[in-house]
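Per-entry structural report
Letter by letter, the chains look like this.
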Amino acid sequence: TLVTAGVYLLIRFNMMLVDMIFLKFLLLLSGLTMFMAGISANYEFDLKKIIALSTLSQLGLMMSILSMGMPDLAFFHLLTHAMFKALLFMCAGVVIHMMNDIQDIRYMGGISFYIPLTSLCLNISNLALCGIPFLAGFYSKDMILEMVSMSNLNLMIFFLYYFSTGLTMFYTVRLLFYLMVNDYNLMVVYNLYDEDYVMLKSMFMLLFMSLIVGSFLSWMIFNYPYMIYLPINMKMMVIYVMLMGLFLGYLVSNMKIYSINKFLMTYNLSN
């Protein structure tokens, strides 16, 4: 998408930036960007804003791995992230259009019952964003996190990386609960159309790409494979963090604090 222009510029000019003090500042700032975007995506109720903040978090991931001196990994993650994030934006556009231009996720719910194919694309692209194994996002994200684990950085950068990965899973599960499992909330604009079959043509192409492009590009880009030598707990750390984020997202989605919509409680009165 368009927002990766700065990342691409720094990938092109990365040879001019080696051994500069700028890269250390860039590593700190992009790690904090990842962390901040993941935190604030958890407290948003706007569908487009959640997706935009997750894009910001992934951009922080690309910039931080770039500032550690691995531009090929940053470019690889840029390409795979482009696939499923474009699919995610298209699905969100279809959902907002079918909700009569309402973006608040507290209004939505039970979408998978009405628009199943769009929900399929939305869920698969969301899971590829989390880095579920053998989808597109897993290959790039897992390799980035393993290279971070191998490098001798301090504990704060390590914590920022892994905590931001867990937060990605967190807001994805929150979005999935708000969109898929609740009942349909806003009974006034009960105007769900059928599937938009014009959009589904390109969405299924992007769905296919976000399934296969991770493994395909990891064979095609790296002519010499990365030698990653880690103990089993460090190798499985991404999976641990993902399961932890999944569990915490499930628990927070089951809490009755945010799920009772304060606006819809005055629904009868306003009606």
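Everything discussed here concerns the structure shown above.
The text that follows walks through the structure, step by step, so that each part is easy to find. From a predicted model like this one, the values you see are computed outputs, not experimental measurements. (Residues numbered from 1 in each chain as written. Predicted model: local features only at pLDDT ≥ 70, side-chain atom pairs only at ≥ 80, totals over all residues. Heavy atoms only, no water.)

Looking only at helices and strands, one finds 13 helices and zero strands in the protein chain. Taken from the N to the C terminus, the helices and strands of the protein chain come in the order α-α-α-α-α-α-α-α-α-α-α-α-α. Put simply, the protein chain has 271 residues, and 49% of those count as buried. Looking at the protein chain alone, contacts between residues at least 24 apart form 84% of all its contacts between residues at least 6 apart. Of the roughly 13,900 Å² of accessible surface on the protein chain, a fraction of 72% belongs to carbon and sulfur atoms. (Helix = DSSP H or I, 4+ residues; strand = E, 2+ residues; numbered from the N terminus. Buried < 20%, exposed > 50% of the residue type's maximum accessible area, 1.4 Å probe, protein only. Contact = heavy atoms within 4.5 Å. Areas by Shrake-Rupley, 256 points an atom, 1.4 Å probe, with all protein chains shown as cover.)

Here we take up a nonpolar patch on the surface. A cluster of nonpolar residues, Met244, Phe247, Leu248, Tyr250 and Leu251, forms a patch on the protein surface that exposes about 470 Å² of accessible area. Here Leu251 lies in helix α11 (residues 237-254). (Patch = residues over 30% accessible without salt bridge, like charges linked within 9 Å, V, L, I, M, F, W, Y side chains within 5 Å. Salt bridge = Lys/Arg side-chain N within 4 Å of Asp/Glu carboxyl O.)

Attention shifts here to helix α1 (residues 5-12). Buried within α1 are the following residues: Val7, Leu10 and Ile11. Take α1 and look down its axis: the buried residues cluster within an arc of 105 degrees, on one side only. Against α2 (22-41), α3 (47-67) and α4 (71-98) lie the buried residues of α1. (Arc of directions from axis to C-beta.)

Counted at 1.5 Å a residue, the expected span for α2 with its 20 residues is 28 Å, and the 28 Å between its end C-alpha atoms agrees. Here α2 has its buried residues at Leu23, Leu26, Leu27, Ser30, Gly31, Met34, Ala37, Gly38 and Ala41. For α2, the buried positions fall inside an angular range of 135 degrees around the axis, keeping them on one side. Exposed side of α2, more than 90 degrees from the buried face: Lys24, Phe25 and Leu29 are the residues found there. In this structure, the buried residues of α2 make contact with α1, α3 and α8 (155-181). (Expected span 1.5 Å × (residues − 1).)

With that out of the way, let us pick up the pattern of salt bridges. Per the counting criterion, the structure on display carries one salt bridge. Its salt-bridge partner being Lys235, residue Glu146 comes within 3.0 Å of it at the nearest N-O pair. Of this pair, Glu146 sits in helix α7 (residues 136-150) while Lys235 sits in helix α10 (residues 232-235), and the two are 89 residues apart along the sequence. With a relative accessible area of 32%, Lys235 lands in the partly exposed category.

Positive phi outside glycine occurs at Asp19, with the angle close to 60 degrees. Tracing the chain through its elements places Asp19 in the loop between α1 and α2.

In this section: the nonpolar core. Within the largest apolar cluster, 75 residues are counted, with the highest numbers of intra-cluster contacts made by Leu47, Ile65, Leu73, Ile105, Tyr161, Leu179 and Met203. With sequence-adjacent residues up to four places away left out, Leu47 is seen in contact with Ala92, Val95, Ile96, Gln103, Ile105, Met108, Leu175 and Leu179. Counting residues in each nonpolar core, the second largest holds five residues, with Met169, Val173, Phe177 and Met242 among its members. (Core = buried A, V, L, I, M, F, W, Y, C linked by side-chain atoms within 4.5 Å.)

Our focus in this paragraph is the packing of aromatic side chains. According to the stated counting rule, one finds eleven aromatic pairs in the structure shown. Ring geometry for Phe222 against Tyr226: centres 5.6 Å apart, planes inclined by 75 degrees, an arrangement best described as edge-to-face. The buried category is assigned to Phe222, whose relative accessible area is 10%. Taking the relative accessible area as the measure of exposure, Tyr226 reaches 29% and is therefore partly exposed. The rings of Phe35, Phe159 and Phe163 are connected pair by pair, giving a single aromatic cluster. (Phe/Tyr/Trp six-rings, centres within 6.5 Å; stacked < 30°, edge-to-face > 60°.)

It is worth spelling out the packing of α4 against helix α6 (residues 116-130) at this point. Axis angle and axis distance: for two packed helices, these are the angle between their axes and the distance between the axes, and together they describe the pair. Here α4 crosses α6 at 145 degrees, and the two axes come no closer than 9 Å. In this structure, α4 meets α6 at a crossing whose hand is left-handed. Listed contacts from α6 to Phe84, Lys85, Leu87, Leu88, Cys91, Ala92, Val94 and Val95 of α4 are Thr118, Cys121, Leu122, Ser125, Asn126, Ala128 and Leu129. Looking at the contact of α4 with α6, its residues break down into eleven nonpolar, three polar and one charged. (Axes fitted to C-alpha atoms, helices over the stretch in contact; angles between N-to-C directions. Left-handed = near helix turned anticlockwise from the far one by under 90°. Nonpolar A, V, L, I, M, F, W, Y, C, P; charged D, E, K, R; others polar.)

The term disulfide refers to a covalent linkage connecting the sulfur atoms of a pair of cysteines. Taken as a whole, this structure holds zero disulfides when the rule is applied. Left unpaired, Cys121 is separated from the closest cysteine sulfur, that of Cys91, by 4.8 Å. On the basis of relative accessibility, which here comes to 0%, the residue Cys121 falls in the buried class. (Disulfide = S-S within 2.5 Å.)

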